[in-house]
Amino acid sequence: IMRKIKKRLSLLLVLCLLLGMALPAMPMHASAAPVAAPTAGLHFTPRVLEALDAMGVERNEVTLHVGAGTFKPVKAEQIEGHTMHAEWIAVERGSIERLIAHGGQCVAVGTTSVRTLESLYYLGVMIARRPDIDEADLHVPQWMPYDVPAVPERTLTTVEALQAIIDWMDRHGLHALHASTQII
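**Quick look at helix 6 (residues 158-172)**
For helix 6, built from 15 residues, the straight-helix expectation of 21 Å at 1.5 Å per residue is met to within 8% by its first-to-last C-alpha distance of 21 Å. Within the span of helix 6, buried status applies to Ala161, Leu162, Ala164, Ile165, Ile166, Trp168 and Met169. Elements that come into contact with the buried residues of helix 6 comprise helix 3 (93-101), helix 4 (111-129) and strand 6 (176-181). Count one or two residues on from helix 6 and you reach Gly173, which has phi positive near 65 degrees.

So this is what it looks like as structure tokens:
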């Protein structure tokens, strides 16, 4: 695997870490504290991370506070009957800028990272629709990925959605995006 990675030095690796992040306090509900740590990245020991760094592989960390609802069994006959809980995310500006620099492409480690990255796209769509949206309204509803119509008259590219986030952050003087998501 390491040989394959060496061939792609411009690879952007996104790790989702829940604890120990040096991000400013997130406006979140008290029950939003993480209840679990991501497991997909457990094999990334300090030694492996140092080896990736030595090969020039870029790494970025995003935060998603995994809620207890992640472990709630789906009991509904149809998936539409299952309500996903909200999870809180935080992504630093530099991580979004690196995603843009890589054309929105990266390797996500685990479903927690994937949910965060998917949410970024839909947050960008929301911001493109409503450039003056309040931070408190930055929430991706459970079914938005399946219900969102084209904006305006076409679908935003990943880079356009990410750039909408950066522009919004510039207008609000923010260095990290804080939002919530219910993406399943």
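That covers the picture; the talk isn't over yet.
**As for the pairing of strand 6**
With six of six residues buried, strand 6 lies mostly within the body of the structure. In this sheet, strand 6 lies alongside strand 3 (residues 87-92) in antiparallel orientation, the contact comprising six bridges. Note that in strand 6 the partner of Ile89 across the bridge is Ala179. Across two bridges, strand 5 (residues 139-140) lies against strand 6 in parallel orientation. If you follow His139 over to strand 6, its bridge partner there is Ser180.

**What to know about the side chain of Ser95**
In this fold, Ser95 is placed in helix 3. Beyond its immediate sequence surroundings of up to four residues, Ser95 is in contact with Asn60 and Glu61.

**Re the side chain of Gln182**
Examined against the element boundaries, Gln182 turns out to sit in the segment after strand 6. Taking relative accessible area as the criterion, Gln182 reaches 16% and is therefore assigned buried. A polar contact of 2.9 Å, which involves the side chain of Gln182, links it to the side chain of His139. Here Gln182 is in contact with Met84, His85, Ala86, His139, Val140, Pro141 and Gln142, once residues within four sequence places are set aside.

**Some points on the pattern of salt bridges**
Close approach of charged atoms allows side chains with opposite charge to pair. A complete count under the given rule lists five salt bridges for this structure. Close ionic contact of Asp53 with Arg59 constitutes a salt bridge, the shortest N to O distance being 2.9 Å. In this structure Arg59 comes out as partly exposed when scored by relative accessible area, which is 27%. Its salt-bridge partner being Arg93, residue Asp170 comes within 2.5 Å of it at the nearest N-O pair. Placement of Asp170 in helix 6 and of Arg93 in helix 3 is noted, with a sequence separation of 77 residues between them. In this structure Asp170 comes out as partly exposed when scored by relative accessible area, which is 45%. In the salt-bridge network here, residues are joined through shared partners; they are Arg93, Glu97 and Asp170.

**So, a nonpolar patch on the surface**
A grouping of Val74, Ile79, Tyr146 and Ile184 is seen on the molecular surface, where their side chains present a nonpolar patch of about 400 Å² in accessible area. Turning to its location among the elements, Ile79 is positioned in the loop between strand 2 (58-65) and strand 3. Its relative accessible area of 40% is what places Ile79 among the partly exposed residues.

**A short note on the nonpolar core**
Residues Ile96, Leu120, Leu123, Leu138, Ile165 and Leu177 are the most contacted members of the largest nonpolar core, which totals 30 residues. Elements supplying a minimum of two residues to this core: strand 2, strand 3, helix 3, helix 4, helix 6 and strand 6. The element contributing the most residues to this core is helix 4, with eight residues. Ignoring any residue separated from it by four or fewer positions in sequence, one finds Leu123 in contact with Ile89, Leu138, His139, Val140, Ile165, Leu177 and Ala179. Residues Phe44, Leu52, Met55 and Val109 belong to the second largest nonpolar core, which totals six residues.

**Some thoughts on the pairing of strand 3**
Counted residue by residue, strand 3 has five buried out of six residues, so it is predominantly covered. Bridge count between strand 2 and strand 3: three bridges; the pairing is antiparallel. Residue pairing across strands places Thr63 opposite Ala90, the latter belonging to strand 3.

Definitions and limits used
- Residues numbered from 1 in each chain as written.
- Predicted model: local features only at pLDDT ≥ 70, side-chain atom pairs only at ≥ 80, totals over all residues.
- Heavy atoms only, no water.
- Helix = DSSP H or I, 4+ residues; strand = E, 2+ residues; numbered from the N terminus.
- Expected span 1.5 Å × (residues − 1).
- Buried < 20%, exposed > 50% of the residue type's maximum accessible area, 1.4 Å probe, protein only.
- Contact = heavy atoms within 4.5 Å.
- Pairing = 2+ DSSP bridges.
- Polar contact = N/O pair within 3.5 Å; in protein donor to acceptor, adjacent residues only side chain to side chain.
- Salt bridge = Lys/Arg side-chain N within 4 Å of Asp/Glu carboxyl O.
- Patch = residues over 30% accessible without salt bridge, like charges linked within 9 Å, V, L, I, M, F, W, Y side chains within 5 Å.
- Areas by Shrake-Rupley, 256 points an atom, 1.4 Å probe, with all protein chains shown as cover.
- Core = buried A, V, L, I, M, F, W, Y, C linked by side-chain atoms within 4.5 Å.

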